[in-house]
Amino acid sequence: MSKYEAEISRRRTFAIISHPDAGKTTLTEKFLLYGGAIAQAGVVKGKKNARAATSDWMEIEKQRGISVTSSVMQFQYEGFCINILDTPGHQDFSEDTYRTLMAADSAVMVIDAAKGVEAQTRKLFKVCAMRDIPIFTFINKMDREARDPFELCEELEHELGIDTYAVNWPIGCGKEFKGVYDRQNRKVIHFTSNTNARAATATEIEPDDPALAGLIGADKREQLMGEIELLDGASCDFDLERVRHGKLSPVFFGSALTNFGVEPFLEEFLRMTTAPLPRKAGDEVIDSFDPDFSAFVFKIQANMNKAHRDRIAFMRVVSGKFEADREVYHVQGKKKIRLSRPQQLMAAEREIIEEAYAGDIIGVFDPGIFSIGDTLCTPGKKFRFDPIPTFAPEHFRRVRPLDTMKRKQFLKGMEQIAQEGAIQIFKTPYSGMEEVIVGVVGTLQFDVLEYRLKNEYNVDLYMEGLPYEYLRWIETEDGEPVKEEDLILGDGVKLVEDYKGNQLLLFATQWAINWTSERNKNLTLLEFGGGWQK
Ligand code: G4P
């Protein structure tokens, strides 16, 4: 294997997804700690707490700075080069969070053992599942009172529609959390202490060793034997192929805070995942080991500092090797360019880099030439990676400039910010009065919009909340636009258009979506826009 192939083979690029507070930051931090990327726990978390502290604009700006720095973290662990993609989950949850998942090859889903599947887990899972990427489940906080592990697995299967395979099985929970049973090696791992900051100390013992009862108690041993039998008899077989196609999720139980089960999880995860995955570009499939460089833009982050109007475009290297200052071809811009000051993020630090390989994420300064989904490749090639979907916003407001004389600046600013992908804007050509509706995935984006329009375009906004929560793209059988009079729409459903002329419907409830689908059989209502196809 050449050095180049070895570099790509050892890369793993994944996202950690969870509902806020399930333990994503704690788990990420433990990974960084094991990889030696940070020296002590609390570095990442400290930032997060500072971030959550207040909510005035200076804080938003700071938060955005932090989201830039923590978008992706690279570290080394036992020969692997690991890229963890952060999916912000608190108030800065946005469409970017979804788009980030487009750059991952697999996902780690952190579930709070007392809570099970929660709203945000569901949303993020759906986006991972649409690409069939492998999903690994870490059921966290077993050191606290937890729900029954069988019930938790059943809930994952039932609610998310994915089969599960428990790789290990917990012995007790809360203060009584004694360890886990490793089903592959058929051994009990008994946790003894977590005085060592790096990893929990544990001893291994065969389940039929008489000494086990002494360690975990006769009752717990009895219960474990019964549960092992039940698991072996009733659960799915382990099938690595199904894992790799996102059909079967390996489940691990542990506690990120006390280190119990974290390092074994990381090791299994690395063993079960593959080197960076290929990507589709129309009829072509671009393999990671293809020697020609290629990448796609999945996120654009505006610089909040007025003195630096430039933006950062984050791109995922799909194939080959990226070298700083080498010319690349920007397919959508139809131009050869040099990517200036490419950056990579090592733990919490930004670094200017000289090279990057397939699987890596780099951030480059963008003078305003990139859009989400753009392809960069080696000059001479012209393929385009399949588009990144547009995700349905969940919050909508009607907006207009306070000063009607400023409509021109208002529209310019709105379109510019929409182009960065922070907001989506819709027109209402069907309702007589021309209005502008803004849709966002996370409400923080409304604050950002208001601030930026004032500061960058000198426009004060008037915003009015709208009762919609769902949006669907309309697809017709013949590809022609629908006429409003041909639609059967219930109360509170609104037909709008985006700035590319696509027609969409806004709904207040899921029920209204079903009602509308039932009565307009000639339409397909799509949850993802942008021409995305599996
Ligand atoms: P998030 O990124 O998914 O939002 O969650 P985060 O890691 O910040 O964890 C949320 C809270 O849960 C934190 O407590 C954290 O310490 C705690 N936590 C994470 N993993 C475990 C675990 O395995 N066991 C237990 N018992 N707690 C866990 P906090 O009180 O909000 O913050 P802090 O004061 O501890 O920093």
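Residues numbered from 1 in each chain as written. Predicted model: local features only at pLDDT ≥ 70, side-chain atom pairs only at ≥ 80, totals over all residues. Heavy atoms only, no water.

### Considering the confidence of the model for the chain
Per-residue confidence for the chain averages 86 on the pLDDT scale, and 87% of its residues sit at or above 70. Within the model, pLDDT remains below 50 along residues 45-61, and this stretch shows 26 contacts once partners closer than five positions in the same chain are excluded. Confidence drops under pLDDT 50 across residues 63-70; counting only partners more than four residues distant or on other chains, this segment forms 22 contacts. (pLDDT = per-residue confidence, 0-100. Contact = heavy atoms within 4.5 Å.)

### Some points on helix H2 (residues 24-34)
Note on helix geometry: an α-helix contains 3.6 residues per turn, so any two residues three or four positions apart are oriented the same way. Where burial is concerned, most of H2 is hidden: 11 out of the 11 residues are buried. Within H2 the residues assigned to the buried category are Lys24, Thr25, Thr26, Leu27, Thr28, Glu29, Lys30, Phe31, Leu32, Leu33 and Tyr34. Following H2 by one or two positions, Gly36 adopts a phi angle in the positive range, close to 75°. (Buried < 20%, exposed > 50% of the residue type's maximum accessible area, 1.4 Å probe, protein only. Helix = DSSP H or I, 4+ residues; strand = E, 2+ residues; numbered from the N terminus.)

### Let's talk about the packing of H2 against helix H11 (residues 262-272)
Remark: H2 packs on H11, axes separated minimally by 10 Å, with the N-to-C direction vectors making an angle of 80°. In terms of orientation, H2 and H11 fall into the roughly perpendicular class. Taken together, the residues of H11 that come into contact with H2 (itself represented by Leu27, Lys30, Phe31 and Tyr34) are Val262, Glu263, Phe265 and Leu266. (Axes fitted to C-alpha atoms, helices over the stretch in contact; angles between N-to-C directions. Parallel < 35°, antiparallel > 145°, perpendicular 65-115°, else oblique.)

### Remarks on the environment of Arg10
As for its placement among the helices and strands, Arg10 is situated in the loop between helix H1 (3-9) and strand E1 (11-18). When the C-alpha atoms of Arg10 and Gly359 are compared, they prove to be 9.6 Å apart, with 349 residues separating the residues in sequence. Setting aside its immediate chain neighbours within four residues, Arg10 contacts Gln76, Gly79, Phe80 and Cys81. Reaching out from Arg10, the side chain makes a polar contact with the side chain of Glu7 at a distance of 3.2 Å. Engagement of the side chain of Arg10 in a polar contact is seen with the backbone oxygen of Gly79, the distance being 3.2 Å. (Polar contact = N/O pair within 3.5 Å; in protein donor to acceptor, adjacent residues only side chain to side chain.)

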